[in-house]
Amino acid sequence: MTTLRRLSPSPAAQLQLGLFLLAYLLYSAARWVTVGDIDVAKANAGWIMSVEHHLGVASEASVQHGLRGTWMLWILNHLYLAAQLVVLPGSLVFLYRRSRPLYERLRNTILATWLISIPVYAVFPVAPPRLADVGLVDTITSQTGFALSGKLTTSFYNELAAVPSLHVGFAVAIGIALAAGLQNRVAKAIALLWGPTIALAVLATGNHFVFDIVAGVAAAGLGYGLGILATRLRAPELTPQLSPA
C-alpha cells in the first residue's frame, strides 16, 4: 500500500493531468471539426510547393528517396509516432517532477500554440505531401502497420491540418525545455537534437513540407511568448497585497 501511495500522483498532479487532457480533447475536437475540402487542401499544398521551389528549399522528395529502404527511415517512422503520444506527455511529467517553472513554461507554450493553430487549420487546410499527389508515399502506414489514413485513425484527427507542423514546433520546445532542466552536457545535446530529428522525420515520412516546419516553429515561438505574457499578467493577482502601515 505504501508503494502504491508513492507511485500515485498527488492531487495537484492529478489536477494538472486532468486540465491537460481536457485541453487536448477540446483541441482535437476543434481540429477535427475544422476539416477542410481535400481539393482546396491539395491546391494549398501546390502553392506551398511553388513557394519552396522558388526559394530553393523543396527537399521533401530528396529526403524521402534518400532514406527509403534504410534503417534510419524505420527509426524515423517510429519516432514520428512517439513524438506526440509518448515524448510530449513524458517530458511534461519529467519536468513537473524536475522543475516546476520549466514545466509551466512548456505547458503554457503547448496550450497557447494549440489555440493559435486551430484557426489556421480552419482557414488554410493543407494536404500533407503523402496526400498531395507530389510523388511521396506514406511510409508510416506501409512500414509500421499504423494506418494514418484509416477510417478509425482519421476519426480522431484532421489529416488536412498540416500547417503549422506542431510535431516539429513542440519537438523544438520540448528539446529546449529538457536541455534547460538537465545537468549532463551529453543529455543536453541529445535533448536539443530532438527538434531537428523530428523535422527530418516529418519530411522523410511524407507528413509535412519544409514550409510546415517553419510555420510550426514560428507557432511554438509565438505560443511561448503568449504563455510568458499570460504568466506575467497573472503574477500581480497571485502576489499578496500588503496593507499600508
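Not measured: the values here are computed from a predicted model.

Participant: Sorry if this is basic, but what is going on with the nonpolar core here?
Facilitator: Soluble, globular proteins show a tendency: their nonpolar side chains are buried together. Core analysis: the biggest nonpolar cluster contains 41 residues, and Leu 95, Leu 106, Ile 110 and Ile 198 have the highest contact counts within it. For this core, the secondary structure elements donating two or more residues are α4 (60–67), α5 (71–98), α6 (100–123), α9 (166–181), α11 (194–204) and α12 (210–238). When near neighbours in sequence (up to four residues on either side) are disregarded, Ile 198 contacts Leu 79, Ala 83, His 167, Val 168 and Ala 171. Counting residues in each nonpolar core, the second largest holds twelve residues, with Ala 45, Ala 127, Ala 162 and Ala 215 among its members.

Participant: Could you clarify how one ought to interpret α9 in this entry?
Facilitator: For the α-helix, the turn length of 3.6 residues means that residues three or four positions removed from each other point alike. The end-to-end C-alpha distance of α9, which contains 16 residues, comes to 22 Å, matching closely the 22 Å that a straight helix rising 1.5 Å per residue would cover. Counting buried positions over the 16 residues of α9 gives 13, a clear majority of the element.

Participant: What am I meant to see in helix α3 (residues 38–55) here?
Facilitator: Its 18 residues place the ends of α3 26 Å apart at the C-alpha level, agreeing with the 26 Å of an ideal helix rising 1.5 Å per residue. Ala 41, Asn 44, Ala 45, Ile 48, Met 49 and Glu 52 are the residues of α3 that are buried. In an axial view of α3, the angular spread of the buried residues amounts to 145 degrees, which keeps them on one side of the axis. For α3, the exposed residues lying more than 90 degrees away from the buried face are Asp 39, His 53 and His 54. Here α3 starts with a cap whose side-chain oxygen sits 3.0 Å from the backbone nitrogen of Asp 39, and that cap is Asp 37. Among the residues trailing α3, Gly 56 stands out with phi positive, at a value near 75 degrees.

Participant: Explanation requested: the packing of α9 against α11 in the structure shown.
Facilitator: When two helices pack together, their arrangement is given by the angle between their axes and by how far apart the axes lie. Between α9 and α11, whose axes approach to 7 Å, the crossing angle comes to 165 degrees. Taken together, the axes of α9 and α11 are roughly antiparallel relative to one another. Both α9 and α11 take part in a crossing whose hand is right-handed. Across from His 167, Val 168, Ala 171, Val 172 and Ile 174 in α9, the residues of α11 making contact are Trp 194, Gly 195, Ile 198, Ala 199 and Val 202. Residue composition of the contact of α9 with α11, by class: eight nonpolar, two polar and no charged.

About the cut-offs
Residues numbered from 1 in each chain as written. Predicted model: local features only at pLDDT ≥ 70, side-chain atom pairs only at ≥ 80, totals over all residues. Heavy atoms only, no water. Core = buried A, V, L, I, M, F, W, Y, C linked by side-chain atoms within 4.5 Å. Buried < 20%, exposed > 50% of the residue type's maximum accessible area, 1.4 Å probe, protein only. Helix = DSSP H or I, 4+ residues; strand = E, 2+ residues; numbered from the N terminus. Contact = heavy atoms within 4.5 Å. Expected span 1.5 Å × (residues − 1). Arc of directions from axis to C-beta. Polar contact = N/O pair within 3.5 Å; in protein donor to acceptor, adjacent residues only side chain to side chain. Axes fitted to C-alpha atoms, helices over the stretch in contact; angles between N-to-C directions. Parallel < 35°, antiparallel > 145°, perpendicular 65-115°, else oblique. Left-handed = near helix turned anticlockwise from the far one by under 90°. Nonpolar A, V, L, I, M, F, W, Y, C, P; charged D, E, K, R; others polar.

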